[in-house]
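Given next are the chains, with one letter for each unit.
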Amino acid sequence: MAALTLASLAAPGWAADPAGAPPADASPAEIPITELPPVADTRPEDFVYVAATRPDRIGRVMAPIFVNGVGPFAFVVDTGASSSVISPRVVARLGIEPDPGRSKLLRSITGSEIVPGVAVDRITAGEITLEARSLPVIEPRVFAGADGIFGADAFAHGCLYVNFLEANVSILRTGCPRVDQTWETLRAELRFGGLPVVRARVGRTRVLAIIDTGAERSLGNRALLAAEGLEPALQNPDTRREVFAATSQTVFGHLLKAPSVSFGNISIDNLSLVFGDFEVFQMWGAAETPAIVLGMDVLGTTQALMVDYKRAELRLLPQGAPNTFRVNSRSTPSRLP
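Residues numbered from 1 in each chain as written. Predicted model: local features only at pLDDT ≥ 70, side-chain atom pairs only at ≥ 80, totals over all residues. Heavy atoms only, no water.

K.L.:
I'm lost on the sheet that holds strand S11 (residues 168-172) in this one. Help?
P.N.:
Within a sheet, neighbouring strands are paired by backbone hydrogen bonds and run either parallel or antiparallel to one another. The strand order across the open sheet formed by five strands is S11-S10-S23-S24-S12, and the pairing between neighbours is antiparallel. The open sheet has two edge strands with one neighbour each: S11 and strand S12 (184-187). Sheet twist, expressed as the mean angle between neighbouring strand axes with direction ignored, is 10 degrees. Note: strand S10 (residues 159-163) against S11, five bridges, orientation antiparallel. Bridge pairing in S11 places Asn163 opposite Asn168. (Pairing = 2+ DSSP bridges. Helix = DSSP H or I, 4+ residues; strand = E, 2+ residues; numbered from the N terminus. Axes fitted to C-alpha atoms, helices over the stretch in contact; angles between N-to-C directions.)

Structural data, given as structure tokens:
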């Protein structure tokens, strides 16, 4: 039986509204869970797929996806997921039935469970088309009410380019075009089924940093907590947060202010990480090694980002840097007004 890694999580303690990400300081009582339609509708041309992170919201990266020629549906573009997934309402819209013989073992931050699968003829996102795929079927509550997830398995030697300033996304079949020195370019390793990992530092500690466009909040493991001497902060009950992910299990973490985070020439201050004994770190073999997951609370504050799977590079354009780079591609959807 195949195993699917879905490292991304909804922000601790809340479900995101499909129309926009929640405020960064929201609590479960402040955000109602939206009723989701039983059958997916295709998205209008003016649907906003990309949103930057702001003080009052955490950003998102979605793309228009066609499944078996039907769409576009709004899928989260998730560099932290080892496989693409689809929601039950899209399956209903396509008129196909889940196949018990295609069930998959889903492993997420909070635990593992068996989920049904479904066979699709093709999935198209920008310049990339996947043929004859078996996709896990997962409830959309775990990915912000979207129609599915477009995961790292789809990119092969392709390119993800997200422009938060202009609110558009491009998915290219081959590596990313070259950029100038205004971009910060970092060597990445493609590990754990194609997840981009860069070397970073949190305070005095060197860490592995997994780049996860599907996670709202950034995470830290217990090894980092110990290395930075932050364990006494766990005694404060106000730091405790409930964490939801793709499986039905719920775990708790602690939201703590982290020391300065740096990678390349980029430094991030005043970042809060959710620390915990998350199963995904064990699955990646990083339970004993200080590691973090960099989510949209960090990535969405840039002007733009690229993940170049062909060259194994992460490229970031910091706020304030001049940006004359453009990608002309049919994968570019509508922009923010």
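K.L.:
I would appreciate a short explanation of the confidence of the model for the protein in the present structure.
P.N.:
Caution applies to low-pLDDT parts of the model: their predicted coordinates are not meant to be read in detail. This prediction gives the protein a mean pLDDT of 81; 79% of its residues lie at or above 70. Taken together, the stretch residues 1-35 has pLDDT below 50 and engages in 111 contacts with residues farther than four places along the chain or on a different chain. (pLDDT = per-residue confidence, 0-100. Contact = heavy atoms within 4.5 Å.)

K.L.:
Would you mind showing me how to read the layout of surface pockets here?
P.N.:
Where empty space is left in the structure can be found by rolling a water-sized probe over the atoms. As a volume, the largest pocket reaches approximately 340 Å³. Taken together, 20 residues form the lining of the largest pocket, with Ile268, Asp297, Val298, Thr301 and Thr302 sitting closest to its centre. Elements that contribute at least two residues to the lining of the largest pocket include exactly strand S20 (266-268) and helix H4 (296-299). Of the residues assigned to the lining of the largest pocket, the class counts are 11 nonpolar, six polar and three charged. (1 Å grid on protein atoms, 1.4 Å probe; cavity = no way out; pocket = protein on both sides within 12 Å on 5 of 7 lines; lining within 4 Å. Points joined across faces, edges and corners; volume = space filled by probe spheres on them. Nonpolar A, V, L, I, M, F, W, Y, C, P; charged D, E, K, R; others polar.)

K.L.:
What is the right way to look at the packing of aromatic side chains in this model?
P.N.:
Ring pairs (aromatic) are described by centroid distance and by the angle formed between their planes. Tallied over the full model, the rule gives four aromatic pairs. Between Phe155 and Tyr309, the aromatic rings sit 4.8 Å apart at their centres with planes inclined by 10 degrees, giving stacked as the arrangement. One end of the pair, Phe155, is in the loop between strand S9 (148-151) and S10; the other, Tyr309, is in the loop between strand S23 (304-308) and strand S24 (313-317), with 154 residues separating them in the sequence. Taking the relative accessible area as the measure of exposure, Phe155 reaches 1% and is therefore buried. Taking the centre distance of 6.2 Å and the plane angle of 50 degrees together, the rings of Tyr161 and Trp183 count as tilted. Here Tyr161 is found in strand S10, whereas its partner Trp183 is found in the loop between S11 and S12, with 22 residues between them in sequence. Given the relative accessible area of 5%, Trp183 is considered buried. Each residue in the set Phe150, Phe155 and Tyr309 is aromatic and connected to the rest through ring pairs, giving one cluster. Here the guanidinium or amino end of Arg43 rests over the ring plane of Phe47, the centre of that ring lying 4.8 Å away. Here the basic side chain of Arg240 rests over the ring of Phe252, its NZ or CZ set 3.7 Å away from the ring centre. (Phe/Tyr/Trp six-rings, centres within 6.5 Å; stacked < 30°, edge-to-face > 60°. Buried < 20%, exposed > 50% of the residue type's maximum accessible area, 1.4 Å probe, protein only. Lys NZ or Arg CZ within 6 Å of the ring centre and 35° of its normal.)

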